[in-house]
Amino acid sequence: GYTFASILILGAAIGANVAVYSVVRAVLLADLPVRDPESLVWIWSTRVDRDKAFFSIPNLFDYQSQTQTLQEMAAFGNWSASVTGQGEAERLTGVRVTGNMFPMLGTRPVIGRALDARDGAPGAERTVVLSRSLWQRRFGSDRGLIGRTLLLDGEPHTVVGILAPDFLVPNTRAEIAAALDLGSHPRRSERGSNFLRALGRVRPGVTLTQVGVEMDAITQRLKADFPEDNGRHSKPRVVSLRDEITGAYRKPLWMLFGAV
């Protein structure tokens, strides 16, 4: 009986350790599926009543043009669209991204190409990339889908790429992604219309603290120049992309791992 109980306890403990460590390794220890992840940061706009807010198009343009600590700054907005014309209509979760976002992240497709600056250019045709899971589930892994047209909310979009299984858009579960043409967007002149999530790549030798100080200085200038729209803004929060993605899970996972 003692031997039998010992074997059961050891088996359960070893199994629990293996299971939990697999999660810890995948979430906390493995490299993010992006190029040079340690130089990527997430930037939250903040207000006096909210510590996680978004950017408007005019404000984003000003941060992009005035920053010296970031090599580049990209943004995206959440998006959903109904796909029709091939099988049953289905509502898909997606994002619209600035043309520099996927090149900045180093996003690579399984087939075709990722979105880039040409897709977000004024007058460019509407294009879309799909997650691999959506491609397999709805389109049966049809490689001929590249170059074909999908109707998304009744608008034709040309499929240009299928993204890798580890495709990452932070804080979303995107199945599709399309380009965001900020220059012709209906809200391009609305400084108080905040809907963009921003991230950037830090210049070599620059610390997160330095980025935060610069973001605060730009914020103060924009508050002085546009008090009606920006008067309640406060110092933006700058965190590493890894911390933004895994921060909420880090402590519970390490505690669970320690327990098992």
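Residues numbered from 1 in each chain as written. Predicted model: local features only at pLDDT ≥ 70, side-chain atom pairs only at ≥ 80, totals over all residues. Heavy atoms only, no water.

1. Structural notes on the nonpolar core
- Formed by 26 residues in total, the largest nonpolar core has its most connected members in Phe76, Met101 and Phe102.
- Contributions of two or more residues to this core are made by strand S1 (40-47), strand S3 (70-84), strand S4 (90-97), helix H3 (101-105) and strand S8 (155-163).
- When residues in this core are grouped by element, the largest group, 4 residues, is from H3.
- Once residues within four sequence positions are removed from consideration, Met101 is found in contact with Ala74, Ala75, Phe76, Val169 and Leu199. (Core = buried A, V, L, I, M, F, W, Y, C linked by side-chain atoms within 4.5 Å. Buried < 20%, exposed > 50% of the residue type's maximum accessible area, 1.4 Å probe, protein only. Helix = DSSP H or I, 4+ residues; strand = E, 2+ residues; numbered from the N terminus. Contact = heavy atoms within 4.5 Å.)

2. So, unusual backbone geometry
- Within the chain, Asp36 stands out as a residue other than glycine whose phi angle is a positive 45°.
- Structurally, the position occupied by Asp36 is in the loop between helix H1 (2-29) and S1.
- Within the chain, Asp153 stands out as a residue other than glycine whose phi angle is a positive 55°.

3. Examining helix H4 (residues 132-139)
- Within the span of H4, buried status applies to Leu134, Trp135, Arg138 and Phe139. The buried residues of H4 occupy an angular sector of 100° when projected down its axis, which confines them to one face.
- After H4 finishes, the residue Gly140 shows a positive phi value of roughly 60°. (Arc of directions from axis to C-beta.)

4. Details of the environment of Leu168
- Among the structural elements, Leu168 can be located in the loop between S8 and strand S9 (176-179).
- Residues Leu168 and Phe226, 58 residues apart in the sequence, show an inter-C-alpha distance of 34 Å.
- When neighbours within four sequence positions are excluded, Leu168 is seen to be in contact with Pro33, Val34, Leu105 and Ile245.

5. Some thoughts on the pairing of S9
- Where burial is concerned, the two faces of S9 agree: the one with Ile176 and Ala178 and the one with Ala177 and Ala179 are both buried.
- Inspection of the sheet shows S4 paired to S9 by 4 bridges, in the parallel sense. Pairing of Arg96 across the sheet is with Ala178, part of S9.
- Across 3 bridges, the pairing between strand S6 (residues 127-130) and S9 is antiparallel. (Pairing = 2+ DSSP bridges.)

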